[in-house]
Amino acid sequence: MEKYTRENIEQLIEEDVEFVRLQFTDLFGTMKNVAITSENLGSALEDKIQIHASSVEGFLHEEEEDVYLKPDLSTFKILPWRPQSGKVARIICDIRQSDGTPFCKSSRDILRKVLEKYEQKGYTFYSHPECEFFLFHTDENGMPTTMTHEQAGYLEMSPLDLGENARRDIVLTLKEMGYAVDSSHHEIAPAQHEIDFRYAKGLETADQMVTARNVIRTVAKRHGLHATFMPKPKAGVNGSGMHIHMILRKDGKNLFLDEKDPLRLSQEAYYFIGGILKNIRGITAVLNPLVNSYKRLVPGFVAPTSVGWSTKSRSALLKVTYNKEGEPRMKLQSPDASANPYLVLALALAAGMDGIENRILPGEPDSEKGSTQKLPENLKEALECMKEDKLAIQVLGEEFFLAYLSAKEMEWEEYRRQVSAWELENYLYKI
């Protein structure tokens with residue numbers, strides 16, 4: 001992460017930047033922004049830009065006060081796809097109340113709070129996400145479809161992979177913005193793609209993810225395509241996940257490594273796994289936040305359905321992977337591409353640390369027998385689990401927790417009232 005000072009940014013903007021986008025995320029991880037002209041940069045850097053929070057989904061009731069945007073200077077980037085003359089830059093912002101304190105419904109601040117708690121105890125949390133998405137055609141009006149002409153599969157290349165040029169431009173754009181991309185490839189389903197970032201510290205990882213979504217959609221549109229992070233846009237094919245690889249370091253060492261253990265796992269590693277497994281059902285409504293999320297978490301599509309861990313199974317909830325030197329990393333495979341990255345990382349770290357602090361053992365790896373405990377099968381079940389989960393309330397804070405719960409319960413109730421095409425096809429003419 002680059003270290004920008006106010007003077008650096010003012011100089012860069014004075015040279016040839018016309019607009020600055022002050023970006024932040026709502027309750028669910030959707031990026032929002034306020035665009036200011038370069039002349040108003042001073043006001044922004046003095047935290048004087050207000051937003052009407054009552055109009056942002058899930059933030060505030062109508063009668064409550066507005067909040068302010070506090071730019072994080074380390075996130076300053078010039079957007080490469082904007083005009084070369086009169087460029088556009090962006091800065092990710094935290095959200096503050098009028099007295100300067102963090103806004104209780106700011107997911108970025110929720111992650112920061114968890115990270116700082118464990119950094120004070122000597123831990124450093126590194127992660128890297130696998131960013132999966134689909135590239136579909138648009139119709140004659142530019143609206144998204146689920147149509148694709150390609151039938152490419154895992155690791156296919158051009159000419160089978162018809163999205164290769166778009167994916168290449170996405171990676172080049174991310175690199176131009178200073179992000180370290182490890183690799184990219186075609187995924188299992190037709191029109192499905194994946195971009196993998198290099199390991200970074202927790203907050204930087206989440207910033208990368210929300211930025212990547214914006215970049216992917218923008219570049220895809222320039223190619224006449226629509227990029228979607230909907231977990232399961234088509235039946236019968238694999239859905240899109242947001243697998244999270246995690247490393248915990250203390251005193252510069254990988255805390256998960258014990259070379260004497262048969263699996264090269266330390267006692268802390270086993271406890272970390274135990275904490276994830278203990279808490280996973282209660283945090284699934286955040287890791288898999290949509291009605292559609294649970295169409296991905298079904299057998300047969302390399303997505304987890306049970307609460308267990310493995311060093312071998314591709315579909316395990318938590319899989320232990322190893323680098324070339326044999327150092328273990330934790331790979332949480334249940335989060336999907338629609339989830340709020342700030343909340344996913346905050347809850348995953350807190351769950352793992354709950355295991356370390358309370359010495360929770362995970363049991364044996366489930367690669368052969370499987371687990372009898374299942375992940376929630378729908379959003380309703382996940383929300384019921386979340387209501388009983390002390391960790392979720394503790395990490396999110398009561399106000400955020402209740403606002404999130406209320407919004408998602410409304411989403412479930414609206415879904416229950418719908419009559420699907422499947423129901424019409426199977427019942428209308430027969431009954």
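### Section: the overall build of the chain
Inference 1: Along its length, the chain carries 12 helices and 16 strands.
Inference 2: In terms of overall dimensions, the chain is globule-like: its C-alpha atoms have a radius of gyration of 22 Å, near the 22 Å expected for 431 residues.
Inference 3: Overall, the C-alpha framework of the chain stretches about 65 × 60 × 50 Å when taken along its three principal axes.
Inference 4: Here the chain holds 431 residues, and the buried ones make up 52% of them.
Inference 5: Counting contacts in the chain only where the partners sit at least 6 residues apart, residues at least 24 apart contribute 70% of the total.

### What to know about the environment of Glu10
Inference 1: Position of Glu10 relative to the elements: it lies in helix H1 (residues 6-16).
Inference 2: Residue Glu10 is classed as partly exposed on the basis of its relative accessible area of 31%.
Inference 3: For the pair Glu10 and Ser38, spaced 28 residues apart in sequence, the C-alpha separation works out to 8.8 Å.
Inference 4: With residues near it in sequence (within four places) discarded, Glu10 still touches Leu41 and Leu45.

### Here's the deal with the environment of Gly122
Inference 1: Turning to its location among the elements, Gly122 is positioned in the loop between helix H3 (107-119) and strand S7 (123-137).
Inference 2: Since its relative accessible area comes to 34%, Gly122 is described here as partly exposed.
Inference 3: Put simply, Gly122 and Arg21 are 101 residues apart on the chain and 35 Å apart in space, counted from C-alpha to C-alpha.
Inference 4: Aside from chain neighbours lying at most four places away, what touches Gly122 is Arg249, Lys250 and Asp251.

### As for the pattern of salt bridges
Once the charged atoms of two side chains with opposite charge are near each other, the side chains can pair.
Inference 1: Applying the stated criterion across every chain yields a total of 23 salt bridges.
Inference 2: Linking Asp94 and Arg112 is a salt bridge whose minimum nitrogen-to-oxygen distance equals 3.0 Å. A residue pair is termed long-range when its members are at least 10 positions apart, and Asp94 in strand S6 (residues 87-96) and Arg112 in helix H3 qualify at 18 residues. Both residues of the pair, Asp94 and Arg112, belong to the buried class.
Inference 3: When the shortest N-O distance is used, the salt bridge between Asp354 and Lys278 registers 3.1 Å. Here Lys278 lies in helix H6 (residues 267-287) and Asp354 lies in helix H8 (residues 341-358), a separation of 76 residues in the sequence.

### Overview of the nonpolar core
Inference 1: Grouped together as the largest cluster of nonpolar side chains are 96 residues, with contacts concentrated most on Leu174, Ile195, Ile216, Leu248, Met330, Met386 and Leu396.
Inference 2: Sequence-distant contacts of Met386, defined by excluding residues within four places in its chain, comprise Gly282, Ala285, Val286, Ala392, Leu396, Phe401, Tyr404 and Leu405.
Inference 3: Counting 22 residues, the second-largest nonpolar core is a separate cluster that includes Ile51, Val56, Val67 and Ala89.

### What about the packing of aromatic side chains?
Inference 1: Taken as a whole, this structure holds eight aromatic pairs when the rule is applied.
Inference 2: Centre to centre, the rings of Phe133 and Phe229 are 5.9 Å apart; their planes meet at 50°, and the pair counts as tilted. Of this pair, Phe133 sits in strand S7 while Phe229 is found in the loop between strand S11 (225-228) and strand S12 (244-250), placing the two residues 96 residues apart along the sequence. The pair formed by Phe133 and Phe229 is uniform in burial state, with each residue classed as buried.
Inference 3: By the ring-pair criterion, three or more aromatic residues cluster together here, those being Phe28, Phe400 and Tyr404.
Inference 4: Positioned above the aromatic ring of Phe229 is the side chain of Arg213, whose terminal nitrogen or guanidinium carbon lies 5.9 Å from the ring centre.
Inference 5: Its guanidinium or amino end placed over the ring of Phe28, Lys408 lies 4.9 Å from that ring's centre, counting from NZ or CZ.

### Some points on a nonpolar patch on the surface
Inference 1: Together, Val419, Leu424, Leu428 and Tyr429 make up an exposed nonpolar region whose accessible area comes to about 490 Å².
Inference 2: Counting through the fold element by element, Tyr429 comes out in the segment after helix H12 (421-427).

### A closer look at helix H4 (residues 164-176)
Inference 1: Across its 13 residues, H4 extends 18 Å between first and last C-alpha, which sits within 8% of the 18 Å expected from 1.5 Å per residue.
Inference 2: Buried residues of H4: Ala166, Arg167, Ile170, Val171, Thr173 and Leu174, and no others. Projected onto a plane normal to the axis of H4, the buried residues spread over an arc of 160° and lie on a single side. Exposed residues on H4 whose side chains face more than 90 degrees from its buried face are Lys175 and Glu176.
Inference 3: The elements touched by buried residues of H4 are S7, strand S8 (181-186), strand S9 (192-197), helix H5 (202-222) and S11.
Inference 4: Just beyond H4, the residue with positive phi is Gly178, at close to 95°.

### So, unusual backbone geometry
Inference 1: Omega for the bond connecting Ser158 with Pro159 falls within 30 degrees of zero, at 10°, which places this linkage in the cis form.
Inference 2: Within the secondary structure layout, Pro159 lies in the loop between S7 and H4.
Inference 3: For Asp251, which is not a glycine, the phi torsion comes out positive at approximately 55°.
Inference 4: Along the polypeptide, Asp251 turns up in the loop between S12 and strand S13 (253-254).
Inference 5: Residue classification places Asp251 among the exposed positions, given a relative accessible area of 71%.

### Focus: the packing of H3 against H5
Inference 1: The interhelical angle for the contact between H3 and H5, taken along N-to-C directions, is 155°, at an axis separation of 9 Å. Judged by the inter-axis angle, H3 sits roughly antiparallel to H5. Handedness of the crossing formed by H3 with H5: right-handed. Side by side, H3 and H5 meet where Arg108, Leu111, Arg112 and Leu115 of the first sit next to Gly202, Leu203, Ala206 and Asp207 of the second.

What counts and what doesn't
- Residues numbered from 1 in each chain as written.
- Predicted model: local features only at pLDDT ≥ 70, side-chain atom pairs only at ≥ 80, totals over all residues.
- Heavy atoms only, no water.
- Helix = DSSP H or I, 4+ residues; strand = E, 2+ residues; numbered from the N terminus.
- Rg over C-alpha atoms; globule rule 2.2 N^0.38 Å.
- Buried < 20%, exposed > 50% of the residue type's maximum accessible area, 1.4 Å probe, protein only.
- Contact = heavy atoms within 4.5 Å.
- Salt bridge = Lys/Arg side-chain N within 4 Å of Asp/Glu carboxyl O.
- Core = buried A, V, L, I, M, F, W, Y, C linked by side-chain atoms within 4.5 Å.
- Phe/Tyr/Trp six-rings, centres within 6.5 Å; stacked < 30°, edge-to-face > 60°.
- Lys NZ or Arg CZ within 6 Å of the ring centre and 35° of its normal.
- Patch = residues over 30% accessible without salt bridge, like charges linked within 9 Å, V, L, I, M, F, W, Y side chains within 5 Å.
- Areas by Shrake-Rupley, 256 points an atom, 1.4 Å probe, with all protein chains shown as cover.
- Expected span 1.5 Å × (residues − 1).
- Arc of directions from axis to C-beta.
- Axes fitted to C-alpha atoms, helices over the stretch in contact; angles between N-to-C directions.
- Parallel < 35°, antiparallel > 145°, perpendicular 65-115°, else oblique.
- Left-handed = near helix turned anticlockwise from the far one by under 90°.

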